[in-house]
Amino acid sequence: MNNYNGYRELNLVGFTDKGEYDPDAEYVKNDLAHYKGSIYKCIVDGTVGVLPTERSNWNCFMNRLEGV
């Protein structure tokens, strides 16, 4: 997979790295999406058009470090 914003592909068991967040894509539990320098984990199957910053459908998985 491509390198997004300096991150390596995560390849963690049980997670699917979907790359840069796409508002038209459908996400399921444990999909990871890159958004504004952070990585978010989907927690609700069938998530479409919900920004990763919305905590009802996403958890922050890796937060962007300020100043980096």
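Residues numbered from 1 in each chain as written. Predicted model: local features only at pLDDT ≥ 70, side-chain atom pairs only at ≥ 80, totals over all residues. Heavy atoms only, no water.

This part is about the nonpolar core. Membership of the largest hydrophobic core is limited to 7 residues, which are Tyr 21, Tyr 27, Ala 33, Tyr 35, Tyr 40, Cys 42 and Trp 58. Where this core is concerned, the elements lending two or more residues are strand 3 (31-35) and strand 4 (38-42). Ignoring sequence-local partners within four residues, the contact set of Cys 42 consists of Tyr 27, Val 28, Lys 29, Asn 30, Asp 31, Thr 47, Asn 57 and Trp 58. (Core = buried A, V, L, I, M, F, W, Y, C linked by side-chain atoms within 4.5 Å. Buried < 20%, exposed > 50% of the residue type's maximum accessible area, 1.4 Å probe, protein only. Helix = DSSP H or I, 4+ residues; strand = E, 2+ residues; numbered from the N terminus. Contact = heavy atoms within 4.5 Å.)

Although it is not a glycine, Asn 30 adopts a positive phi angle of roughly 75°. With respect to the helices and strands, the residue Asn 30 is situated in the loop between strand 2 (26-27) and strand 3. Relative accessible area serves as the criterion here: at 30%, Asn 30 is assigned to the partly exposed category. Residue Lys 36 is not a glycine yet carries a positive backbone phi of 50°. Counting through the fold element by element, Lys 36 comes out in the loop between strand 3 and strand 4. Under the relative-accessibility criterion, Lys 36 is labelled exposed at 64%.

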